[in-house]
Every structure is written in C-alpha cells, then in structure tokens.
Amino acid sequence: MKNGFIFDLDGVITDTAKFHYIAWKDLAQSLGITIDETFNETLKGISRMDSLDKILAYGQRENDFTLAEKEALAQKKNDEYVKLLADLSETDLLPGVHDFLAQAKEHNIPCSIASASKNAPMILEKLGVLDFFGHIVDPETLKKGKPDPEIFVKAAESIGVAPNDAIGFEDAQAGIEGIKAAGMYAVGISATEVLAGADIQVASLTELDIEQLLTI
Ligand code: B16
Ligand code: MG
C-alpha cells in the first residue's frame, strides 16, 4: 500500500519547457550559439547552471567565461524566463492534475515536489495548487541533481513517507532513474518519449485510477 506522492514540476504539473526554450535560445543566440528543439530536450530536468554549461559546450565556448560571468548569464536567462511566466494561471495545469491532487487530498495522501527548478514555489502559486503540497524540496540544498536519487529521498522524508511507500511522477529519463534509485514506484508521464525503467507510463494523469495506484 503506497502512502505518499512525489511530483516533478516541469512536464508533470505544467509545461514550462517552451518558456525555458525561448529564454535559453535567446541567451545562446546572444553568445553566437544556435540551439534547436532537439537540443532543448537534453535540458529537461537539468539544473539552470548545468543547462548553461551544456549550451556553452555545444557552442564550443565552455572555456570563455569566468564563474561570475556564467552566473550573470544564468541570471539573464532566468529574468527572461520569469517574464515569460507572467500570465501563467490555473489554465496552464496539465490535463488531470487538479483532479488528481484533489483526490490525493481526499485520500489523505501527502504530496511533495522534487523539481530542479528554483522557481517552483512561484510557479505552483500562479497555478493555484501550492496548498496541495506539504513540502517543496529546495534544489539549492542538494549535493547532486537528477539522476541522483537525493531529491526524491528528501521529498519523501519531508512528508514523512518511506521511499518504498512512495510513488514518483516524472517526465524526464533522468528523473525516472532517480526515482528508481531511491527505491520508489515510478510513474512516467510522456506521450512522445519512451521512459526506460518506469514501472508504468501514461500520457497524462487523466489515465490513472488513484485507488488502484495506491494498492500497488
Ligand atoms: P530553474 P523539473 C527543471 O524542472 C526543468 O525541466 C529544466 O529545464 C530547468 O533547467 C530546471 O528545472 C531548473 O529550472 O531555472 O527554474 O531553476 O523538470 O525538474 O521540474
Ligand atoms: Mg520534468
């Protein structure tokens, strides 16, 4: 019997990948680097600084900036990203999310967020679902990012659930690997990518029966 849910944010609760893409594409362009949507797929679930490092390596500019300069570049990208989120609202929740969270609440199943995004609290507030979550792991406190299991273990601990009794929801391959390494049941969410290692994969949360899921 499972008794806790751990959610990734981008790609599971809402889809902000398109906004990350616009902001990274603009920043890369200002450095003479062109990225496309295929390259953007490799940034999903990856932290802000690691994303910048990947873009600089892709454009063979990895040795051209000091740490302080890279921090300024990451800040510039984030400023544009946050501006693009200005109109985010409940209508930007992915299909089935609100209903699923409401059902979890009815069943007294605690929920927490395991997202690499430092913007997670602000995004959840704009989406109107912040109150469904008992805890949001602060990515600044992590030693390692996904696929390391650390963020998922912390997310389970924060709501008082043993990893073996928790279910993790993820849209990225690195996240599925982290969930499995943490010893949790992994629900992959994607209509387009095959998420290797997921215990079950669905296109959206509308396909899941919460009561059946809890008995797993
Ligand atoms: P921020 P997730 C991740 O979110 C995104 O998928 C990834 O593209 C982004 O770089 C990362 O958050 C950091 O986001 O710049 O807002 O701190 O999928 O782990 O919820
Ligand atoms: Mg994600």
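Residues numbered from 1 in each chain as written. Chains lettered and ligands numbered in written order. Predicted model: local features only at pLDDT ≥ 70, side-chain atom pairs only at ≥ 80, totals over all residues. Heavy atoms only, no water.

Looking at an unreviewed UniProt entry, the protein carries the name Beta-phosphoglucomutase, with the source organism given as Candidatus Enterococcus ikei. Per UniProt, the protein carries the Cofactor (unreviewed entry) text "Mg(2+)". (UniProt positions renumbered as here; feature names shortened; annotations may be inferred.)

> Please give an account of the site of ligand 1 that cites residues and values.
In the vicinity of ligand 1 lie 18 residues, with Ile46, Ser115, Ser117, Lys118 and Asn119 positioned nearest. At a separation of 2.8 Å, an oxygen atom of ligand 1 approaches a polar side-chain atom of aspartate 8. Between ligand 1 and the protein, one listed contact pairs an oxygen atom with a backbone N or O atom of alanine 116 at 2.8 Å. Burial of ligand 1 by the surrounding chains reaches 97%, relative to a free accessible area of 470 Å². Residue composition of the shell around ligand 1, by class: five nonpolar, seven polar and six charged. (Near = heavy atom within 4 Å. Polar contact = N/O pair within 3.5 Å; in protein donor to acceptor, adjacent residues only side chain to side chain. Areas by Shrake-Rupley, 256 points an atom, 1.4 Å probe, with all protein chains shown as cover. Nonpolar A, V, L, I, M, F, W, Y, C, P; charged D, E, K, R; others polar.)

> Account for the pairing of strand E5 (residues 185-189), with residues named and values stated.
E5 sits mainly inside the fold: five of its five residues count as buried. Alternating residues of E5 divide into Tyr185, Val187 and Ile189 and Ala186 and Gly188, and every residue in both groups is buried. Alignment of strand E4 (residues 166-170) against E5, held across four bridges, turns out to be parallel. What sits directly across from phenylalanine 169, in E5, is valine 187. For the crossover that starts at E4, traverses helix H8 (residues 173-181) and ends in the parallel E5, the hand is right-handed. (Buried < 20%, exposed > 50% of the residue type's maximum accessible area, 1.4 Å probe, protein only. Helix = DSSP H or I, 4+ residues; strand = E, 2+ residues; numbered from the N terminus. Pairing = 2+ DSSP bridges. Right-handed = clockwise from strand over helix to strand, strands pointing away.)

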